[in-house]
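Given next are the chains, with one letter for each unit.
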Amino acid sequence: MGRAMTGEEYPTDEQGFGKRDRKTDRRRLYAGIVLLLIVVAAEVLIGGRLQNEFLAGLSDNGKNDWATQRYLDPSGSIPVVPKPAGVKRLLYISNSHGLTGGKVSRHLQALLNRLFPGRFEVLDLSTGGVFAPEILERLASGLDAKPDAVILAPAYISFSDRMKLSRQRLSARSFFNGSVFSKLPAAFFLRNWDITLFTDTLAARCIKLFRHRNALRDLWEKPLAGSIRKVFPEKGVLFLEVDEDQNWRFPEGFDHNLFNWLLYSLGRKSHLKDMEAAVRLVKNNHLPLLGLNMPVDWDKDPHERNDKDVARYQETLRKAFSGADLYMDYENTFPKEFSTYDALHPNWFGARLHALDIALRLRQMGVIDSGVSPEEIARAFTESDEALSDGYRKEVDGSYPPITTPPGMRRYDIFEPENARDILRRLASAGPANSKVREMIIQLCLRIRFWEEMPFNYSSQGFTGYDVVFYPALSSEIAKARQRADFFKNALEDFQGKRLAACPVPQIGNNKPEEIRMGSVLDKPVEIRSYTSVEKIRILQYLVPGSERTIAFGLMPPRGSSGCLRNDIFGDGSFALGCLVSDPFVMPPWASGLALKQKWGF
């Protein structure tokens, strides 16, 4: 115990009791100012350099998009295009959900042009991998364009990052963009300032081991977390199950808890505050606001989920949009079949249906002249895109030059004209028996059969307040999708038939097999018959037992060559899937008797 202080030793008021040393305070103040200047300098100098690297890597389309370029340009030097007199400008912001299927905004623009020529302009500031903080920043920048209404369309993934801003796109680092900085609330900087962006970036460039930190962590983290969950199944171990060092790679870059809302609750609360700030910013500028929760097709999602957790997220987002003029939750209501190539993104017809519903909502809000009836909007929508439009026929025309450097993201949207051509060009970039080509054709087969076979019954769904016009338009899109799927399948089969000409489909005729035996593929019985042709080529015929329906033909040349296999993947006699006889045998979905199931779509 220390010695007690006597009255004489304790300072009195006259002696300066409770007073602080002014020199010490000044030193602390100067140190704080210097530290702040260092942080700001790092943000401006290092962050600016990273930002310039990001800009340099933009595609030509991105560079020519004045709206996106204005947001990304730190100097704000690109002028805003003046709004023509008599034109209403709509600001649309979403993540990659708004960019697939030919872009929701483009379909909306085409529909409005048909209804009101020259009277509406849709300004799209959407981008892939955008999260709530950047949605707020893009909104702040877009307000310089003087919009007349705002459409904010986040999806679950907009709140599913590891929450550190450093893990997001570098475009989110536009703090000092003149068109953004003054419009953001002070709380935004407190929530999102993350100087570790620079240290992580520099460390990854300089230290090779640092680049493999996620793989090293996976060696011990997943087994340990799994063991703890077995003992305490109701408890989540946050430091094990929330790995904030994962980068933006979808979907393989995220763990199985991607859609577990509670595990990421702290970071998500921060993001939701940014979304609430975006809603307030729109209303403070006295603009109409349409809020949308974009749907997730949970049946296609490979991650674990808790339905109560999803419901909690929906309610939380509804509260965040409580200040919007109109808020629509598409989850469990929008026809999920139109996100057929993966769980999160609409295909061509799904993006069109989003545009139709947005147009109907804008009419409901008074942004679109109520003199135009819902029936007129639906009629213009239905007539705006033919099943086999000239654009689609032109792209899927039978000439597919190989892609020398294919982009990283592959989509199975066979309905979007440019993407349908991209799929066929990807196939042309590798040999017909290549394993990646084989997997792509199998996935395309699943999607084509999906549109050929699914009943699509929406009669009792009750999705909108415009059921009388929306469901007939939906039925029309289904019919168009089926025609387009059939057209694409024919193009694919013709393309594959030419590539597999060296491995022709044999004509068995009345020839009797030399050998008949039973085999098994995926626990399904297969009958295998063996023949010898005049050219001394051994022919293997694989059949569904008892049905005489041929699954595949294998051709085995003399001298022990591996031979090739023609697999009837579509079940229509096209035998469009080619591989080596030595490769794993593919049981076509039509012959397996298994339920039609599509994988995650990238």
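Data block above holds the structure.
In short, a report on the structure. All values derive from a computational prediction rather than experimental measurement. (Residues numbered from 1 in each chain as written. Predicted model: local features only at pLDDT ≥ 70, side-chain atom pairs only at ≥ 80, totals over all residues. Heavy atoms only, no water.)

Moving on: helix H18 (residues 435-453). Helix length check: H18, at 19 residues, gives a terminal C-alpha distance of 27 Å against a target of 27 Å (1.5 Å per residue), a fit within 8%. Across the 19 residues of H18, 14 count as buried, placing the element largely inside the fold. If you check the start of H18, you find a side-chain oxygen 2.8 Å away from the backbone N of Lys436, and it comes from Asn434. (Helix = DSSP H or I, 4+ residues; strand = E, 2+ residues; numbered from the N terminus. Expected span 1.5 Å × (residues − 1). Buried < 20%, exposed > 50% of the residue type's maximum accessible area, 1.4 Å probe, protein only. Polar contact = N/O pair within 3.5 Å; in protein donor to acceptor, adjacent residues only side chain to side chain.)

Take the nonpolar core next. Counting residues in each nonpolar core, the largest one holds 82 residues, and the members touching the most others are Leu292, Ile358, Leu427, Phe488 and Ile569. Counting residues per element, this core draws most heavily on helix H19 (residues 467-499), at twelve residues. Leaving out residues up to four positions away in the same chain, Leu427 has contacts with Val437, Met440, Ile441, Leu444, Leu492, Phe495 and Arg499. (Core = buried A, V, L, I, M, F, W, Y, C linked by side-chain atoms within 4.5 Å. Contact = heavy atoms within 4.5 Å.)

Taking 1.5 Å as the rise per residue, helix H4 (residues 104-115) with twelve residues should run 16 Å; its terminal C-alpha atoms sit 17 Å apart, in good agreement. Looking only at H4, the buried set comprises Val104, Ser105, His107, Leu108, Gln109, Leu111, Leu112 and Leu115. At its buried positions, H4 is contacted by strand S1 (88-94), strand S2 (120-124), strand S3 (149-153), helix H14 (348-365) and helix H15 (374-383).

Once that is clear, we can look at the sheet that holds strand S5 (residues 326-329). One open sheet accounts for five strands, arranged S2-S1-S3-S4-S5; its pairing is parallel. Strands at the two margins of the open sheet, each flanked by one partner only, are S2 and S5. On average, adjacent strands in this sheet sit at an angle of 15° to one another, irrespective of strand direction. As defined by bridge partners, strand S4 (residues 289-293) adjoins S5 across four bridges and the pair is classed as parallel. Each bridged residue has a counterpart across the sheet, and for Leu290 the counterpart in S5 is Leu326. (Pairing = 2+ DSSP bridges. Axes fitted to C-alpha atoms, helices over the stretch in contact; angles between N-to-C directions.)

Tallied over the entire structure, the rule returns one disulfide. Here Cys503 connects covalently by a disulfide to Cys564, the sulfurs 2.1 Å from one another. Taking the torsion about the S-S bond as the criterion, the Cys503 to Cys564 disulfide, at about 100°, is right-handed. Here Cys503, found in the loop between H19 and strand S6 (515-521), pairs with Cys564, found in strand S10 (residues 564-567); they are 61 residues apart in sequence, far enough to count as distant. According to the relative accessible area criterion, Cys503 is buried, its value standing at 6%. Free of any disulfide, Cys579 has its nearest cysteine sulfur in Cys564, 8.8 Å distant. Overall, the relative accessible area of 3% leaves Cys579 in the buried class. (Disulfide = S-S within 2.5 Å.)

Moving on to empty space enclosed by the protein. Over the atoms rolls a probe the size of a water molecule, and its path tells where empty space is left. This structure, assessed with the given rule, holds two cavities of 30 Å³ or more. If you add up the space inside the largest cavity, you get close to 70 Å³. Every residue along the wall of the largest cavity is listed here: His97, Pro295, Val296, Asp297, Phe334, Pro335, Lys336, Phe338, Ser339, Leu344, Pro346 and His354. (1 Å grid on protein atoms, 1.4 Å probe; cavity = no way out; pocket = protein on both sides within 12 Å on 5 of 7 lines; lining within 4 Å. Points joined across faces, edges and corners; volume = space filled by probe spheres on them.)

With that settled, the discussion passes to the environment of Ser547. Note that Ser547 resides in the loop between strand S8 (538-544) and strand S9 (549-556). By relative accessible area, which is 35% here, Ser547 ends up partly exposed. At 3.1 Å, the side chain of Ser547 and the backbone oxygen of Val544 are in polar contact.

Between helix H17 (residues 417-428) and H19, the least distance of the axes is 11 Å, while the angle of their chain directions is 20°. In terms of orientation, H17 and H19 fall into the roughly parallel class. Read as a crossing pair, H17 and H19 show a hand that is right-handed. Residues Pro417, Ala420, Ile423, Leu424, Leu427 and Ala428 of H17 form the contact with H19, whose participating residues are Arg484, Phe488, Leu492, Phe495 and Arg499. (Parallel < 35°, antiparallel > 145°, perpendicular 65-115°, else oblique. Left-handed = near helix turned anticlockwise from the far one by under 90°.)

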